[in-house]
Amino acid sequence: MTDSDPGAVARRALPLLDLTDLGETCTETKIDALCRDAKAGSVAAICIWPRFITQGARALAGTGIRIATVINFPEGGEDCARATDDTAEALRDGADEIDLVLPYRALMRGDAALARDMVEAVRDVCGTATLKVILETGELGDPGSIRAASRLALEAGADFLKTSTGKSPISATPEAAGAMLSEIHASGRPAGLKVSGGLRSVADAALYLALADRIMGAGWVTPKTFRLGASSLYGALMQAREL
C-alpha cells in the first residue's frame, strides 16, 4: 500500500473502523442504518450511546462486529461510582468495548490520583471487555501533558488510548496521536490507539496509518491495536474501496 493509492488505503482502513453515531438526534432508525452500514463495510465495531446497546447487539449478532459504547461522555466528569455503575450496565446490555472519558480536568489541575482511580475502577468492572480511555487531547494541549495522560491511562489498565470525544473544538491531530503512540511503544504493553474526531477523508486515514507504521513498525496495525473512530469517513472509504 502507498499513501497515494486510495483503494488500498480504504481496504486497509475499513476493517479498523469504529463506525460511530453519538449525535444528539440519534434514533433507533439511525442505529438500524448504522448496523447495515457496519455489515456492508465489515468494520471492526460500532460506537453508540448506551441506550442503543441492546438494539445494536441484536442486529450484529454473529457478525463479529463489536459493540462499543461511551461512559463519562463527553464531559469527563469526576463521579467514579457513576462511571462504574454505567459500565456494569453497558456490559450487561451487551457492550464489548467501553470508551471511557478520562477526568482530564482533574488531571490538568494536578489531581492525577482521581483520574487514575476512575480508570482503575472501570478496568476492574470491565473484566475481559476492552477498555479504551479517551484523553481529550485537544483540551490537554501540549505533547508533554498528552504523554503524561497516556502513561497514567496505560498504567491504570487501558487497552486502548483514544484521542478525543469528537465534541471538543480540537479533536484528533497527528501531533497528539504521535505522542500517544510513542507512549504505547515505550510502555512495552500490548495496547492500542483509537484516532477519533475530525476524520473525513481517505487522506486522513492514510495519514494516521502511516504514522502508526512509522512509530510502531510494519505489521503492528490490526483491529486489535488500531482503530479509526468516525462517522463521515465511512462513505469516503466505501467509495474508494473499489478503486
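Residues numbered from 1 in each chain as written. Predicted model: local features only at pLDDT ≥ 70, side-chain atom pairs only at ≥ 80, totals over all residues. Heavy atoms only, no water.

**Q** Quick rundown of the overall build of the chain? Include the residues and the values.
**A** Along the chain, the regular secondary structure elements total eleven helices and eight strands. Relative to its length of 243 residues, the chain is compact, with a C-alpha radius of gyration of 17 Å against a globular reference of 18 Å. Along the longest, intermediate and shortest principal axes, the C-alpha atoms of the chain span 50 × 40 × 30 Å. Within the chain, counting contacts between residues at least 6 apart in sequence, those at least 24 apart form 76% of the total. The distance from the centre of the 26 positive side-chain charges to the centre of the 32 negative ones in the chain is 4 Å. (Helix = DSSP H or I, 4+ residues; strand = E, 2+ residues; numbered from the N terminus. Rg over C-alpha atoms; globule rule 2.2 N^0.38 Å. Contact = heavy atoms within 4.5 Å. Lys, Arg positive; Asp, Glu negative; His and termini not counted. Charge placed at Lys NZ, Arg CZ, Asp CG, Glu CD.)

**Q** Any chance you could break down the packing of aromatic side chains for me, citing the residues and the numbers?
**A** Considering all chains together, one arrives at two aromatic pairs under this definition. Between W49 and F73, the aromatic rings sit 5.6 Å apart at their centres with planes inclined by 80 degrees, giving edge-to-face as the arrangement. Highlighted residues: W49 in the loop between β2 (45-48) and α3 (53-59) and F73 in the loop between β3 (66-71) and α4 (80-93), separated in sequence by 24 residues. One exposure class covers both W49 and F73, and it is buried. (Phe/Tyr/Trp six-rings, centres within 6.5 Å; stacked < 30°, edge-to-face > 60°. Buried < 20%, exposed > 50% of the residue type's maximum accessible area, 1.4 Å probe, protein only.)

**Q** Talk me through the nonpolar core; I want residue IDs and the actual numbers.
**A** F226 and L228 are the most contacted members of the largest nonpolar core, which totals 84 residues. With nine residues, helix α10 (residues 202-216) is the single largest residue contributor to this core. In contact with L228, other than residues within four places in its own chain, are A13, L16, L17, D18, V195, L199, A205, Y208 and L233. (Core = buried A, V, L, I, M, F, W, Y, C linked by side-chain atoms within 4.5 Å.)

**Q** Quick rundown of the sheet that holds strand β1 (residues 17-21)? Include the residues and the values.
**A** Read around the closed barrel, the eight strands follow the order β1-β2-β3-β4-β5-β6-β7-β8; overall the barrel is parallel. Each strand axis lies, on average, 25 degrees off the axis of its neighbour in the sheet, ignoring direction. Where strand β7 (residues 192-196) meets strand β8 (residues 226-230), four bridges bridge the pair, whose relative direction is parallel. Pairing of S196 across the sheet is with G229, part of β8. Strands β7 and β8 of the sheet are contacted by α10, whose axis makes an angle of about 160 degrees with β8. (Pairing = 2+ DSSP bridges. Axes fitted to C-alpha atoms, helices over the stretch in contact; angles between N-to-C directions.)

**Q** Hey, could you go over the environment of G166 for me, with residue numbers and the actual values?
**A** Within the fold, G166 resides in the loop between β6 (160-162) and α9 (174-187). For the pair G166 and G198, spaced 32 residues apart in sequence, the C-alpha to C-alpha distance is 6.9 Å.

**Q** Which residues make up the pattern of salt bridges, and what are the values?
**A** Counted by the stated rule, this structure contains 17 salt bridges. With a closest N to O distance of 2.8 Å, E78 and R109 form a salt bridge. With E78 in the loop between β3 and α4 and R109 in the loop between α5 (104-108) and α6 (112-126), this pair connects stretches of sequence that are 31 residues apart. Classification of R109 by relative accessible area gives exposed; the value is 52%. (Salt bridge = Lys/Arg side-chain N within 4 Å of Asp/Glu carboxyl O.)

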